[in-house]
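Letter by letter, the chains look like this.
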Amino acid sequence: MGFPKDFLWGSASAAFQIEGAYNEDGKGLGIWDALSEGHIRLGATGNVACDHYHRYKEDVAIMKELGLKSYRFSISWPRVIPKEGVINEKGLAFYKDLVKELTEAGIEPMVTLFHWNLPMWMHEKGGWLNPQVADYFAEYAKVVVTALSDKVKYWMTINEPQLFAGAGYVDGGHAPFLKMPAMFGKITRNIMLAHGKAVKVIRENALLTPMVGMAPTGSAVIPKSDSAEDLEQARFETYEGDGPNGNAWWADPICLGILPEGLKKEISAEDLKIIHQPLDFYGFNIYTAQNFWTQDPKQNPALYDGMPRTGFDWAIKPESIYYAAKFHYERYGLPIIITENGMSNPDFVMLDGKVHDPQRIDYIHRYLLQLKRAVDEGVKVIGYQYWSILDNMEWTEGYERRFGLVHVDYQTLKRTIKDSGYFYAEVIKTNGENL
Ligand code: FCB
């Protein structure tokens, strides 16, 4: 069977991680701009990052050279709304230009409205702890949709709610670096309401008929064997095993209108009506399998010292993408878009001026074979976004974790397409038939 012929082959990025220009043309500060000091490896900042804000034309030309059919990127909320109630036309103009450049290159733009860099003005009003955040987010969504929906069809409301809620407000590992585990239920509610309200706003205001989803993470559990019991166990663990960080906690209310036990006292029937909006696809960010997340072999007998891992130490588990697609399709019945998948590797420009990254080629190859397996079995998968198009600012890890198809020299900002970029170009050209 193989991949459908209009498959959304693409690559992804996020505003804070690539744009730079953190205080230019009227941009306001976000929590990652203003609060990161002392939290990021070697004191790195996103102030310049890949300087994509000034180099987007070069970057889109590279995407075109690679033959990307689509590109997933995020809008910086503080660039568009730098202060409460203020629209920054120059910020919006940047995204209009980017979208124009993409569509002229024949690349489908796929927009994420929130990829973690909350405006400071919103943070100062309580951020995700303040129930009003949902209305502020919906207003922002309306501004963006009004500006871009003559060319943008694909929308994702929020990237990885479980990650920024957990890391940002429970364990303090991500901006705004807070530790308030008791507030997790409230934050969940506010994020879900923001999602639901934004979906309504997109549908009410979009010029092109929109395709709307979100980009949660979580992972899939690989069953111990093919037996019916082990499969059932893996399903259960994939959906519910991780509690508030898991898939069902977020996706059951959003996609099915069903509340997990732990949210029943937090979310009312009224809320649920807002949260449970019809979606057009199920986006999913996946890197490894849930039963392989821990890095410590002592905690998990399935892990062993010296097993295949990425530069980030994440176990390489290609079957995870197969089970993620299959299990989520079974439960939510929506077409699947893999909104992120990729690996970090300590790449550098070699003596011949090229970046040879056979590990990444092999990673992409193996994961895509498993995705194809799902497609061949009838799972409706409509897109795959490799994370990331460019090496970039990996949050608290700074610049060391290179995920890109394109190498960025952070001293000169020179871009070099890696071998994996050319490999992926071939995959796209043959619609996966070369795998
Ligand atoms: C995901 C994030 C993305 C990037 C990758 C490696 O959790 O959405 O921004 O950091 O991991």
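Scroll up to find the structure.
Residues numbered from 1 in each chain as written. Predicted model: local features only at pLDDT ≥ 70, side-chain atom pairs only at ≥ 80, totals over all residues. Heavy atoms only, no water.

**Describing the overall build of the protein chain**
Here's step 1: Helix and strand counts for the protein chain come out as 15 helices and 10 strands.
Here's step 2: Dimensions of the protein chain, computed from the C-alpha atoms along their principal axes, are close to 50 × 50 × 45 Å.
Here's step 3: Out of the 435 residues in the protein chain, the part that is buried amounts to 61%.
Here's step 4: Within the protein chain, contacts between residues at least 6 apart in sequence are counted, and of these 76% link residues at least 24 apart.
Here's step 5: Only carbon and sulfur atoms are counted for the fraction: they give 52% of the accessible area of the protein chain, which is about 16800 Å².
Here's step 6: Averaging the positions of the 45 positive and the 56 negative side-chain charges in the protein chain gives two centres separated by 3 Å. (Helix = DSSP H or I, 4+ residues; strand = E, 2+ residues; numbered from the N terminus. Buried < 20%, exposed > 50% of the residue type's maximum accessible area, 1.4 Å probe, protein only. Contact = heavy atoms within 4.5 Å. Areas by Shrake-Rupley, 256 points an atom, 1.4 Å probe, with all protein chains shown as cover. Lys, Arg positive; Asp, Glu negative; His and termini not counted. Charge placed at Lys NZ, Arg CZ, Asp CG, Glu CD.)

**A closer look at the site of the ligand**
Here's step 1: Taken together, the residues surrounding the ligand are Gln17, His115, Trp116, Asn159, Glu160, Asn285, Tyr287, Glu340, Trp387, Glu394, Trp395 and Phe403.
Here's step 2: One nitrogen or oxygen atom from the side chain of Gln17 is found 2.8 Å from an oxygen atom belonging to the ligand.
Here's step 3: Between Glu394 and the ligand, the recorded distance is 2.8 Å, taken from a side-chain N or O atom to an oxygen atom.
Here's step 4: For the ligand, the accessible surface in isolation is 290 Å², of which the surrounding protein chains cover 95%.
Here's step 5: Broken down by class, the residue content of the shell around the ligand amounts to five nonpolar, four polar and three charged. (Near = heavy atom within 4 Å. Polar contact = N/O pair within 3.5 Å; in protein donor to acceptor, adjacent residues only side chain to side chain. Nonpolar A, V, L, I, M, F, W, Y, C, P; charged D, E, K, R; others polar.)

**A look at the pairing of strand β1 (residues 8-12)**
Here's step 1: Burial analysis of β1 places five of its five residues in the buried class, the great majority of the element.
Here's step 2: Side chains of β1 alternate between two faces, with Leu8, Gly10 and Ala12 and Trp9 and Ser11 buried alike.
Here's step 3: Relative to strand β8 (residues 381-387), β1 runs parallel, the two sharing five bridges. Each bridged residue has a counterpart across the sheet, and for Leu8 the counterpart in β8 is Gly383.
Here's step 4: With three bridges connecting them, β1 and strand β2 (residues 70-74) associate as parallel partners. (Pairing = 2+ DSSP bridges.)

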